Amino acid sequence: MAFHKMICEAENATDVLFVCADEACGRRVVVGKSRPRLTVIDQGDFDAQHTGSLGAISIDAVDLT
């Protein structure tokens, strides 16, 4: 499994935009600051494991049920 790092590209008072550092991937997600939510803008490499953080906001493994 490939491992990709997500970096903060933009931030405002309520949301943070994370993008994958791997240019061939293209994953982009928005993470809510005040309430937990994750919005996927571009899926990118679905088979890669993506991680990243920004202060109190951390993207780690996500389990879907």
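Residues numbered from 1 in each chain as written. Predicted model: local features only at pLDDT ≥ 70, side-chain atom pairs only at ≥ 80, totals over all residues. Heavy atoms only, no water.

Chemist: Teacher, can you tell me more about the overall build of the protein chain here?
Modeler: When its secondary structure is counted, the protein chain shows zero helices and six strands. Going from N to C terminus, the protein chain has its helices and strands arranged as β-β-β-β-β-β. A fraction of 28% describes how many contacts in the protein chain between residues 6 or more apart in sequence connect residues 24 or more apart. For the protein chain, the accessible area works out to roughly 4,600 Å², and carbon and sulfur atoms hold 51% of it. (Helix = DSSP H or I, 4+ residues; strand = E, 2+ residues; numbered from the N terminus. Contact = heavy atoms within 4.5 Å. Areas by Shrake-Rupley, 256 points an atom, 1.4 Å probe, with all protein chains shown as cover.)

Chemist: Even after reading the chapter, I still don't get the environment of alanine 13, so can you show me in this structure?
Modeler: For alanine 13, the location among the structural elements is in the loop between β1 (3-11) and β2 (15-20). Exposure remark for alanine 13: the relative accessible area of 70% places this residue in the exposed category. Alanine 13 sits 21 residues away from serine 34 along the chain, and the two C-alpha atoms are 8.7 Å apart. (Buried < 20%, exposed > 50% of the residue type's maximum accessible area, 1.4 Å probe, protein only.)

Chemist: Can you help me understand the nonpolar core in this one?
Modeler: Looking at soluble globular proteins, one finds that nonpolar side chains tend to be buried together. Counting seven residues, the largest nonpolar core is built from Met6, Val16, Phe18, Cys20, Cys25, Val29 and Val31. At the level of elements, β2 and β3 (28-32) are the ones that each hand at least two residues to this core. Broken down by element, the residue count for this core peaks at three residues, all from β2. (Core = buried A, V, L, I, M, F, W, Y, C linked by side-chain atoms within 4.5 Å.)

Chemist: Can you help me understand the pattern of salt bridges in this one?
Modeler: Any two side chains of opposite charge can pair if their charged atoms end up close together. Going through the model one piece at a time under the given rule, you end up with three salt bridges. Across the pair arginine 37 and aspartate 15 runs a salt bridge whose closest N-O atoms are separated by 2.5 Å. One end of the pair, arginine 37, is in the loop between β3 and β4 (38-42); the other, aspartate 15, is in strand β2, with 22 residues separating them in the sequence. For arginine 37, a relative accessible area of 30% translates into the label partly exposed. One salt bridge connects aspartate 42 with arginine 28, and the closest N-O pair in it is separated by 2.7 Å. Of the two residues, aspartate 42 is situated in strand β4 and arginine 28 in strand β3; the sequence distance between them amounts to 14 residues. Its relative accessible area of 31% is what places arginine 28 among the partly exposed residues. (Salt bridge = Lys/Arg side-chain N within 4 Å of Asp/Glu carboxyl O.)

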